[in-house]
Amino acid sequence: METLSISSRLDKSMRQQYLSLPQGEKCMVTYVWIDGTGRELRSKTRTLDSEPKDIGDIPVWNFDGSSTYQSSGSNSDMNIVPVCMFRDPFSLDPNKLVLCEVFNFDHSPAQTNHRNSCNRVMEKVKEHCIWFGMEQEYTLYGVDERPFGWPANGYPAPQGPYYCGVGANCAYGRDVVECHYKACLYAGIKIYGSNAEVMPSQWEFQVGPCEGIEMGDQLWISRYLLDRVCEDFGVIASMDPKPLKDWNGAGCHTNVSTKQMREEGGRHEIDRAIEKLRKKHSVHIRVYDASAGRDNERRLTGLHETSSIHDFSSAVANRGCSIRIPRQVGEDNCGYFEDRRPASNCDPYLVTKAIARTCLLNSEEEEDEEEEGV
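These lines cover the structure that appears in this document, whether it is placed above or below. (Residues numbered from 1 in each chain as written. Predicted model: local features only at pLDDT ≥ 70, side-chain atom pairs only at ≥ 80, totals over all residues. Heavy atoms only, no water.)

## Notes on the packing of aromatic side chains
In plain terms, the rule: Here a Phe, Tyr or Trp ring, Trp counted by its six-membered ring, pairs with any other such ring whose centre lies within 6.5 Å, and the pair is stacked when the planes are under 30 degrees apart, edge-to-face when over 60, and tilted otherwise. Distance and angle both matter: a charge sits over a ring if NZ of Lys or CZ of Arg is within 6 Å of the ring centre and within 35 degrees of the ring normal.
For the coordinates displayed, the defined rule picks out 6 aromatic pairs. Among the aromatic side chains, those forming a connected cluster through ring pairs are W150, Y155 and W247. Stacked on the ring of W220, the Lys or Arg R223 has its end atom at 4.8 Å from the ring centre. For the cation-ring pair, R262 lies above W131, with the distance from its terminal atom to the ring centre recorded as 3.5 Å.

## Thoughts on the packing of helix α2 (residues 115-124) against helix α10 (residues 348-360)
Convention followed: Axis lines are fitted through C-alpha atoms, for helices just across the contact stretch, and the angle between N-to-C directions can take any value from 0 to 180 degrees. Helix and strand definitions follow DSSP, with helices as H or I runs of at least four residues and strands as E runs of at least two, each counted in order from the N terminus. Any angle from 65 to 115 degrees is called roughly perpendicular, while one under 35 is roughly parallel, one over 145 is roughly antiparallel, and all others are oblique. Left-handed describes a crossing in which the near helix is turned anticlockwise from the far one by less than a right angle; the clockwise case is right-handed. A contact between two residues is defined here by any heavy atoms of the two lying within 4.5 Å. Amino acids are sorted into nonpolar (Ala, Val, Leu, Ile, Met, Phe, Trp, Tyr, Cys and Pro), charged (Asp, Glu, Lys and Arg) and polar (every other residue, Gly among them).
Where α2 meets α10, the axes come as close as 9 Å, and the angle between the chain directions of the two elements is 30°. Classified by the angle between their axes, α2 and α10 sit roughly parallel to one another. Along this stretch, α2 crosses α10, giving a crossing that reads as left-handed. Here R115, S117, C118, V121 and M122 of α2 lie close against α10, whose contacting residues are Y349, T352, K353, A356 and R357. Here the contact of α2 with α10 is built from residues that sort into 5 nonpolar, 2 polar and 3 charged.

## Thoughts on the sheet that holds strand β1 (residues 27-34)
How we decide: Pairing between two strands is assigned when DSSP locates at least 2 bridges connecting them.
Pairing in this open sheet of 5 strands is mixed, and the strands run β2-β1-β5-β4-β3 from one edge to the other. The outermost strands of the open sheet, each flanked by one partner alone, are β2 (41-48) and β3 (61-64). Within the sheet, the average angular offset between the axes of one strand and its neighbour, ignoring direction, is 40°. Summarising the sheet, strand β4 (residues 77-87) and strand β5 (residues 96-103) pair through 8 bridges and their orientation is antiparallel. Within the sheet, the bridge partner assigned to R87 lies in β5 and is K96. Here helix α4 (residues 214-233) sits on the sheet in contact with β1, β2, β4 and β5, set at roughly 115° to β5.

## Describing the packing of helix α3 (residues 174-187) against α4
Axes are the key here: two packed helices are described by the angle between their axes and the distance separating the axes. Two elements in contact, α3 and α4, have axes separated by 9 Å at closest approach and are oriented at 135°. Our classification of the angle between α3 and α4 gives oblique. Like other packed secondary-structure pairs, α3 and α4 cross with a definite hand, here right-handed. Where α3 approaches α4, its residues D175, V176, C179, H180, A183, C184 and A187 are matched on the opposing element by S222, L225, L226, V229, C230 and F233. In terms of residue class, the contact of α3 with α4 is made up of 10 nonpolar, 2 polar and 1 charged.

What is shown is where atoms sit, not what they do.
This is how it looks when you write it as C-alpha cells:
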C-alpha cells in the first residue's frame, strides 16, 4: 500500500511560477474555523479589494454547516466571524489567514465554538496576566494508516534512541517539522521550539508564552499550518493521544503562570493553584481531550511518563505526575507549573478556560461558569 498521498507527487516547482504572479491591490484571505467534530479545521478563501490592516477590515462570511457536521440541510448557513489575523505562508504576502468563531443562524455560538466562553473567562481574570505555553505532540502517518517510516510489517527498534534523535534511523519526517516551523515564524505564531519525541515518527512543537485567549488562537492556527504542510508532503499529522498501546502516547502539556507566580516568592501561589486543581481533577479530565476523558483513559495509565487518570499528583521534576513543577522553579521559588494531563487532541480553549477558572475565579464566579457548562 502507498505511504504518501497522490497529490504529494505533483510537481511543486510549478506552484512557484503562479505564486510569483502579481495580484495588484487584491488580497486573498483564507478563513479558518473549527468544524462540528471539535477536532478538525476547515478553510475557504475569498478576495478582498485591498490588504486588511486589522481584523475589523475583514467581513463576516458564511458556509454550509450541513457539510461540516454543524447544521441541518434545511437550515444550513453558519456565520464565521474573524477574530485573529496572520500572514499566509502558503500564498505569501499580502495574503492573510484569519481564524474565525462560528455562530448559528440566531447568532448564538456554535456547539464547538468554545472560544466564546473561554474569552469571557479570560476577561474576568485579566488582572492576573495569566500566561500559557502548550507543548503539542503529534504523530506523522502515511496514507496507509501506519506511522510514517515504520516497516510495512512489524515495528521499528524499541523506544530509546528517538527522543531528540538524529539520523535516518531515528528521525522520521524532519522535513515536515522544519517546514512547519518556518511557516509558523512567517505567519507570526509564537513558536518556542520543536523536537523529536520518544516514539519514532512522533514530534512536538511548543507555542507560547501567550496571554489569555491568545493561547488558543495561536495553537489552532499552528495546527492548521501543520495540516497544510503535511498536505504538500503527502502525510497526515495525527493528534491521537495513544496511537499504539505499548508506545508513548501524545499529550499537549500546558505550562501556566500568573503575575503573582512569576514574582519573587511565587511558589506559594503555584502551590495554592495546584491544590485548587486537585479538587477539580475529574472536571478537568472531562475537558482535557476531545472525547470527554475517554481518550485520556487510553493515555493516562501511569506508564510511559504519565500519571494515572484516576489519581492527582504533583512533584518537582517528576514527569509521572499530573502536575510537574520544573526543578528550576523549585530552586528559584517562583515561575510556573506544567499540567501534564491535557491530551494531544484537546481543545486549547477548553483547557486554558478550565485552568483559569479553577485557579483564579472565586467560588461564586465558578458557579456562574459551571451553569454555562465547562
